[in-house]
Every structure is written in structure tokens, then in C-alpha cells.
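Residue-level structural notes
Residue strings, one per chain:
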Amino acid sequence: MTKLTQSSEIEAFLDQIAGVGKAGEQRVKTIVHKIVADLFETIDQFDVTDDEFWHALNFVIAGAPELGLWAAGLGLERFLDLRADLKDQAVGFVEGTPRTIEGPLYVAGAPLEKGTARLDDGNEPGEVLIMQGRVRDTRGNAIAGAIVDVWHANTKGNYSYFDKTLPDYNLRRRIETDANGHYIFRSIVPSGYAVPSGSNIEKLLTALGRHGNRPAHIHFFISAPGYRHLTTQINIEGDPYLHDDFAYATKDALIPPVIRHTKTAAINPLGLNETYSEIVFDFVLNPADVAAEENESSRARALADA
Ligand SMILES: [Fe+2]
């Protein structure tokens, strides 16, 4: 370590880099100053060689399309949630359904259905899943007209839109709750999945002695006028990675029991002549203080052509 970063020369250089004393955006200047100073210090502290630096930059450039996975795997999405959870606790918002990460595989504009929907296209292999429940407020009142925007992987761990062999919006729907705040959908039980084989995020995780697996889960955006937007997931219990998620999204309150119905009379009311799984889960929304809280974050998201 040269201690160069503690020199007045480097401090003046950092001010130049961050445009101190010039026009521009103060918050950008302050944060860029901090990030670059931290990188300088890291390079100095660990005596990073030129080759190591350029290898790292090349690695990030090549991994750019995967950066959404990097945000999950390096715990940044989880960290944002932890901060939001602390802020909620400070104002007494402890009763709503817990948030957890969105991940990079949402596609906007899924078909909108009223009350009930079928997510699979009928050709998707897998055990039938029926999931239902209510969207309600923290006092137990039904929220009619809430939107349950749901998306999940198939049994290969693949998502429609990103896997072009699948129909766009397969295993993706928006369901508007009925007058009782109820929603119900039919789909198939998803499988877990891993970061892409050969990807840079996989190489990084391997270098860290980690894996890139996620347990089986189902993603949700829950929204309604006057309530805070909820981004969350539920996990499928029993998955070997349930508490070993590379994206750190598992929360105990988001692991509902899976009820397995075998070929008994219980099948008949739904007309299913096969074994199926059922999950009953209510989503509880906190009130919004300002309209902006009703919306999802400004993260860039895909929109299918279909
Ligand atoms: Fe996912």
C-alpha cells in the first residue's frame, strides 16, 4: 500500500474527477466522489496490478447483460430491502406482507383478468398449482380491484419472454381482485433455477465459493390505489435451496404451506382429475402516504411485443 490515497494530491484529483466547484448535480458529485475514492483505496490497499484492474473491467463489461443478476447475487437488492424494512419499522409498518426482491425477470403488460386466471398455456408440463387468497389492508378489510401481477418459472426454471421457446406471457398474468378482495389462479408448480451456465456471474460466485441457485418461488407485484406497491415472492416449501438462495430473497413469512390434494373427492370441486398442489395466501398492503408509493420502482423492465 502506497498511502497515495491519503495524499493531498489525490484528494485534489478526486475533487477534479467529481467536478467540485463546477456546475452539475451535487448529489451525483458527492456519490461519484465517494465511489471513486473507495475504488482508489481498494486498488491501493490490495496492490491491484494493471492486469487485475483491466481483467476486472473486462469482466464487468462482458457481464453487463447480467448485471441484474449481479445486483441479486451480490446482495444489493437484499440490502435495499433491508433498508426499506428498517424505515417501515420506524413508522410502525410491521403488519403488511413482507417485501422481497423483484429480480430481473419481470415483463410488464401481462394479460389482465378479473378474479381468476390460468397462467399456463395448457402445454406446460408440471403438477397443477392452485393459488388463492385475498388482498386486504392491515385492518383485515378486503381490497377490491387490487392487481395481483404474478410471474414464475416453469419446471425447467425458465421464464417466458427470456426463453424464446415459450409463448410470451406464459406463466405471467395480472389478476384484478373481486369485490371480496379475492384472487385465484391455476398454474403449474415452478422449479428453482440457477444463474446461466458459463455466465460471468457464475464465474464470480464460483470464485467466491458460492453457488448461483435459487429455490422455487413465485413473484408478485401487488398494487391498489391508496396503498403502497408491494414487491414480493413466495417460496415453495421443501426446496433444497429454500434457505440457501443466492439472491437472499427467502423470508419465513413468505413460505406458505403447500397443500397436496391426491386423487380423492377433494379434486372434484375444481374439476381436476389429477394430483395437484394448493397454496392459500393473503397479501396485506400498507397505506400509501403519497401517490408515488403506489408504484413500483423505476427499474428498467422488459415489455413483450405480443
Ligand atoms: Fe425468479
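Before reading on, note that the structure itself is shown above.
Residues numbered from 1 in each chain as written. Predicted model: local features only at pLDDT ≥ 70, side-chain atom pairs only at ≥ 80, totals over all residues. Heavy atoms only, no water.

Right, let's talk about the sheet that holds strand β5 (residues 147–152) for a bit. Read from one edge to the other, the open sheet built from five strands follows the order β2-β6-β5-β10-β11, with strand pairing classed as mixed. Both outer strands of the open sheet, β2 (112–114) and β11 (230–235), are each paired with one neighbouring strand and no more. With direction set aside, neighbouring strand axes in the sheet form an average angle of 25 degrees. By the bridge criterion, six bridges tie β5 to strand β10 (residues 217–223) in an arrangement that is antiparallel. Within the sheet, the bridge partner assigned to Ile-147 lies in β10 and is Ser-223. (Pairing = 2+ DSSP bridges. Helix = DSSP H or I, 4+ residues; strand = E, 2+ residues; numbered from the N terminus. Axes fitted to C-alpha atoms, helices over the stretch in contact; angles between N-to-C directions.)

Taken together, Tyr-159 (OH), Tyr-193 (OH), His-217 (NE2) and His-219 (NE2) make up the full set of protein donors to the iron ion, lying 2.0 to 2.1 Å away. Relative to the metal, the four donor atoms surrounding the iron ion lie at angles of 92 to 155 degrees, and the coordination shape comes out irregular. Positions of the donor residues of the iron ion along the chain correspond to the pattern Y-x33-Y-x23-H-x1-H. With a gap of 24 residues between them, Tyr-193 in strand β8 (residues 193–194) and His-217 in strand β10 connect regions that are remote in the sequence. (Donors = N, O, S within 2.8 Å, 3.2 Å for Na, K, Ca; no water. Tetrahedral: all angles 85-135°; square planar, octahedral: opposite > 155°, others 65-115°.)

What follows covers the environment of Gly-115. Positionally, Gly-115 belongs in the loop between β2 and β3 (116–118). Sequence-wise, Gly-115 and Ala-71 are 44 residues apart; in three dimensions their C-alpha atoms are separated by 34 Å.

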